[in-house]
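Each chain is listed here by its residues.
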Amino acid sequence: MQKPIIQLGDTTLRTPSKPLSPDEIKSETIQDLILVMKNTMHNAPGVGLAAPQIGINLQLAVIEDRKEYTANFSPEALKERGRVPVAFHVIINPVLTITDPTEMLFFEGCLSIAGRCRITPRAKSVRVECLDENADKKIIEATGWYARILQHEIDHLHGKLFIDHANPKTEIVFDEENRKKWAGASQKEIVDYYIEKLKS
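All figures in this text were calculated on a predicted structure; none of them were measured in a lab.

*Asks:* Tell me about the packing of aromatic side chains, and please be specific about residues and values.
*Replies:* Across all of its chains, the model carries four aromatic pairs by this definition. With a centroid separation of 5.8 Å and an interplanar angle of 65°, the aromatic rings of Phe 106 and Trp 145 are classed as edge-to-face. With a gap of 39 residues between them, Phe 106 in strand β3 (residues 86-108) and Trp 145 in helix α4 (residues 144-156) connect regions that are remote in the sequence. Both residues of the pair, Phe 106 and Trp 145, belong to the buried class. Aromatic pair Phe 107 and Tyr 193: ring centres 6.0 Å apart, planes at 45°, arrangement tilted. Residue Phe 107 is found in strand β3, and its partner Tyr 193 is found in helix α6 (residues 187-199); the two are separated by 86 residues along the sequence. Here the two residues Phe 107 and Tyr 193 agree in accessibility, since each one is buried. By way of ring pairs, the aromatic residues Phe 107, Trp 182 and Tyr 193 are connected into one cluster. Sitting over the ring of Phe 73, Arg 83 keeps its end group 5.7 Å from the ring centre.

This is how it looks when you write it as structure tokens:
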């Protein structure tokens, strides 16, 4: 089972989400919700999905970055992004701390803003304290693309979107042509484009 992903303009995306208690996390309702979110994320496909994106304002997100998603990336592009496969997992009531504020510039999109991407600055490394699907405490230390995913999904839980961080001048429609051009672009190419757009 899966649910439709709501799009920009729905007020749910701008509403801060409520935390879950351990008992709520272990309930059949939330366990079923996690499965629905996993299926919805896989079907999209995407590397993360927050509960608000299916119309539910709870501090819950699922994440998984599969190896096949980057099969067409060069080793250099993967290294620059710090992108490695991330196994499926659940984050609940996450608290994020930036551990390396170095700003990384890459195109970022969102399943709730279909087909549009912007160059979005994100911190290089983060630490996340959260609960998992069993209500056990977890600490995640992440860098590179995984850190970007965490920042993106946790933003959703506070009613924020990637467009709140990105300059609108850098927006592109991520069609097949742009996907080929930018998906594996180097950091220098992206930064040069970013600087050029800010001057225009």
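From this point, things continue past the structure.
*Asks:* Explain the side chain of His 89 to me, using residue names and the numbers behind them.
*Replies:* Considering the arrangement of structural elements, one finds His 89 in strand β3. For His 89, the side chain forms a polar contact with the main-chain oxygen of Ala 87, separated by 2.9 Å. Those residues in contact with His 89 that sit more than four places away from it in its chain are Ala 61, Val 62, Ile 63, Ile 140 and Tyr 146.

*Asks:* Could you give an account of the pairing of strand β5 (residues 137-143), with specific residues and numbers?
*Replies:* Taken residue by residue, a regular strand's side chains alternate between the two faces of the sheet. In terms of strand pairing, strand β4 (residues 116-131) meets β5 through seven bridges, oriented antiparallel. Following the sheet pairing, Leu 131 is matched in β5 by Lys 137. Two successive antiparallel strands, β4 and β5, enclose a turn made up of five residues, where Ala 135 displays a positive phi of approximately 70°.

*Asks:* Lay out the pattern of salt bridges with the relevant residues and their values.
*Replies:* By the definition in use, this model includes 13 salt bridges. Here Arg 66 ties to Glu 68 by a salt bridge, and the two come within 3.7 Å at their closest N and O atoms. By relative accessible area, which is 28% here, Arg 66 ends up partly exposed. Several salt bridges converge on common partners, so that one network encompasses Glu 108, Arg 122, Arg 148 and Asp 155.

*Asks:* Go over the state of the cysteines with me, naming the residues and quoting the values.
*Replies:* The final tally for this structure, using the stated rule, is zero disulfides. Free of any disulfide, Cys 110 has its nearest neighbouring cysteine sulfur in Cys 117, separated by 9.7 Å. Take Cys 130: it sits in no disulfide, and the sulfur closest to it among the cysteines is that of Cys 110, at 20 Å.

*Asks:* I'd like to hear about unusual backbone geometry, residue by residue, with values.
*Replies:* Excluding glycine, residues mostly carry a negative phi; peptide bonds, for their part, are mostly trans. In the segment running from Ala 44 into Pro 45, the intervening peptide bond is cis, with an omega of -15°. On the secondary structure map, Pro 45 appears in the loop between α2 (28-43) and β1 (48-50). Phi is positive for Ala 135, which is not a glycine, with a value near 70°. You can see Ala 135 is positioned in the loop between β4 and β5. By relative accessible area, which is 16% here, Ala 135 ends up buried.

So, how was this worked out
- Residues numbered from 1 in each chain as written.
- Predicted model: local features only at pLDDT ≥ 70, side-chain atom pairs only at ≥ 80, totals over all residues.
- Heavy atoms only, no water.
- Phe/Tyr/Trp six-rings, centres within 6.5 Å; stacked < 30°, edge-to-face > 60°.
- Helix = DSSP H or I, 4+ residues; strand = E, 2+ residues; numbered from the N terminus.
- Buried < 20%, exposed > 50% of the residue type's maximum accessible area, 1.4 Å probe, protein only.
- Lys NZ or Arg CZ within 6 Å of the ring centre and 35° of its normal.
- Polar contact = N/O pair within 3.5 Å; in protein donor to acceptor, adjacent residues only side chain to side chain.
- Contact = heavy atoms within 4.5 Å.
- Pairing = 2+ DSSP bridges.
- Salt bridge = Lys/Arg side-chain N within 4 Å of Asp/Glu carboxyl O.
- Disulfide = S-S within 2.5 Å.

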